[in-house]
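# Survey of secondary and tertiary structure
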Amino acid sequence: MQIDSSIRLFDCAKKLMPGGVSSPVRAISPCPFYTARAEGPYLWDADANRYIDYCLAYGPMILGHCHPAIVRAAADQMTRGWLYGTPSLLEVAAARRISRLYPSMEMLRFVSSGTEATMAAIRVARGATGRDKIIKIEGGFHGAHDSVLVKAGSGATTLSIPDSKGVPADTAKNTLQVPYNDLAALESVLLRHPGQIACLIIEPVLGNIGPILPEKGYLEGVRRLTKEHDVLLIFDEVITGFRLSLGGAQELFGIKPDLTTLGKIIGGGFPVGIFGGRRDLMEQVAPGGGIYQAGTFNGSPVSLACGMATLDVLEKEKVLEKLNITGKQMREGLKEIVDDLRLPYSVVGIASMFKIFFGEEPHNYTQALKCDKNGYLTFFRRMLSAGIFLTPSQYETDFISASHSSQVIETTLEATRSCLKS
Ligand SMILES: *Cc1c(COP(=O)(O)O)cnc(C)c1O
C-alpha cells in the first residue's frame with residue numbers, strides 16, 4: 001500500500017502540532033493515514049487507498065459516513081442559520097425527546113463535548129453535596145479534564161500516560177479509584193471516607209479500555225451501595241447511550257442513576273455533550289442555582305438537528321436491532337477464527353461493540369493491561385495494510401455502523417483470518 005501523501009503530510013504536521021495530531025490516539029505509528037473523504041463504511045486516504053472503518057470516529061458515526069438523512073438535516077439547518085446565542089425551538093424538542101428516552105434525566109443541559117458534560121456533572125455532584133471527593137473506575141475514561149485524568153483509559157492508557165502531568169496534586173487526591181466489577185473494593189472505599197464523597201462516575205460498560213462487560217449483579221450492586229452511602233451515581237453513557245439501546249445502558253440493565261452524561265452519537269457526528277439527571281440536582285445549575293456552567297456553543301443548532309435526525313433513523317429503521325445482529329455475526333466470526341487458529345485470545349463485546357483482546361477476557365483495568373498490546377499493534381498494522389481500519393490500540397473499542405453490510409463483515413473476517421494466521 002502506497003501512502004506517500006500521508007507521510008508528507010505527517011512530516012509537515014509534526015512541526016506544527018504536538019505529535020502531528022489534534023488528539024493523541026490519532027498518532028498512529030509510524031504514520032497515520034490522512035483521510036480525504038468518507039462514505040458509508042469507508043474512508044479514503046490522501047493516496048486514494050480505501051479502508052473499511054471500524055473506528056467510526058471512536059463512536060459517533062453509528063449510521064456510517066455521509067448518511068443522506070444527516071446531510072439533509074445539516075443543510076436544512078444551515079439555511080435557517082447555525083448559531084443564535086439565544087434559546088432555540090430545536091433545543092426544547094430535543095430536550096423533551098431525550099428526557100423521554102432517559103427518564104432519569106428529568107432536566108438536562110446541552111454542551112459541546114463529552115468532556116464538558118462529565119466536568120459539569122461532577123461539578124453538580126460536588127456543588128449539591130458540598131463534598132470534594134469523587135470515585136472513578138480504574139481505566140474509565142470521562143474526557144480530558146483534571147478530575148478524571150487519573151488512571152484514565154483510552155489514549156492515555158495507550159500512550160502509557162494514564163496519570164497526566166499538569167493535574168494539580170490537590171485535584172488528583174480527591175479522585176479515588178476502584179477496580180471495575182469489584183463491589184467489595186467499592187464498599188471499602190465508601191466506608192473509609194464517610195460524608196466526603198460526592199459521587200461515583202462510571203461507564204456502565206467500560207468502553208475506553210476495550211469493551212469490558214459488567215458481571216451479573218455488578219451495576220445493581222453499584223446502585224445499592226451508592227444509595228446506602230448517600231453518594232450520587234453518575235452514569236457516563238457517552239459511548240453506551242443510543243448504542244446499547246435508545247435509552248442507553250440504564251434502560252438495558254434497568255438501573256436509575258442520579259446523573260447521566262451523553263455525547264458522541266447524539267450529535268450525529270457533530271460536537272455535542274449532554275448532562276442531566278434528578279430535578280432537585282439540576283435545578284441547582286445556573287441561572288436557577290449556584291452551580292455554574294456556560295458555553296457559546298451550548299445547544300449548537302446543527303448538532304441538535306443532526307442528533308435528532310440520527311434518532312429519527314435509529315427509531316424508524318430499527319437500526320439498533322439490526323446492529324445487534326451484525327455485531328453478533330462479527331463476534332461469532334472472530335471467535336471461530338481465534339478458536340480455529342488455537343490462539344490464546346478472547347473476543348469481547350456487546351451490541352455493536354467488539355474487540356479482540358490479545359489475552360484472556362479482562363474484567364477490569366489490571367487484567368486488560370496484561371494483554372499483548374504490541375501483538376495487537378502488529379495485527380492492527382496488517383489489517384490496515386489489508387484495507388481495514390480497526391481502532392489503533394488494544395485499549396479502544398471497535399464499532400459497527402448501520403452501513404456495514406454482512407458482506408462487508410465477511411470481507412473483514414476473511415482478512416482477519418489471514419492476518420492472524422500470519
Ligand atoms: C469519548 C468519551 C468522553 C469524552 O467525550 P469528548 O466528546 O471526546 O469530549 C467521555 N466519556 C466517555 C465514556 C467517552 O467515551
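Look up a bit, the structure's there.
For clarity, every value in this text was computed on a predicted model and none was experimentally measured.

### Overview of the site of the ligand
Surrounding the ligand, one finds Ser113, Gly114, Thr115, Phe141, His142, Gly143, Glu203, Asn208, Asp236, Val238, Ile239 and Lys264. Interatomic distance of 2.7 Å between a side-chain N/O atom of Asp236 and a nitrogen atom of the ligand. Here an oxygen atom of the ligand sits 2.7 Å away from a polar atom, N or O, in the side chain of Lys264. In the complex, 83% of the free accessible area of the ligand, which totals 380 Å², lies under the protein chains. Residue composition of the shell around the ligand, grouped by class: three nonpolar, six polar and three charged.

### A few points about the pairing of strand E12 (residues 353-357)
E12 sits mainly inside the fold: five of its five residues count as buried. Of the two faces of E12, the one holding Met353, Lys355 and Phe357 and the one holding Phe354 and Ile356 are both buried throughout. Here strand E11 (residues 346-350) folds back onto E12, and the loop between the two strands holds two residues, one of which, Ala351, carries a positive phi near 50°. Pairing between E12 and strand E14 (residues 398-399): two bridges, direction antiparallel. When the bridges of E14 are listed, Met353 appears paired with Phe399.

### A few points about the pattern of salt bridges
The full count for this structure, using the stated rule, is 14 salt bridges. The closest approach of N and O atoms between Asp11 and Lys14, which form a salt bridge, is 3.7 Å. Linking Asp11 with Lys14, this pair stays in helix H1 (residues 4-16), spanning three residues, or about one helical turn. A relative accessible area of 38% means that Asp11 is categorised as partly exposed. Owing to a relative accessible area of 43%, Lys14 belongs among the partly exposed residues under this scheme. Beyond isolated ion pairs, a larger network of salt bridges with shared partners links Arg223, Asp258, Arg278 and Asp280.

Conventions used here
- Residues numbered from 1 in each chain as written.
- Predicted model: local features only at pLDDT ≥ 70, side-chain atom pairs only at ≥ 80, totals over all residues.
- Heavy atoms only, no water.
- Near = heavy atom within 4 Å.
- Polar contact = N/O pair within 3.5 Å; in protein donor to acceptor, adjacent residues only side chain to side chain.
- Areas by Shrake-Rupley, 256 points an atom, 1.4 Å probe, with all protein chains shown as cover.
- Nonpolar A, V, L, I, M, F, W, Y, C, P; charged D, E, K, R; others polar.
- Buried < 20%, exposed > 50% of the residue type's maximum accessible area, 1.4 Å probe, protein only.
- Helix = DSSP H or I, 4+ residues; strand = E, 2+ residues; numbered from the N terminus.
- Pairing = 2+ DSSP bridges.
- Salt bridge = Lys/Arg side-chain N within 4 Å of Asp/Glu carboxyl O.

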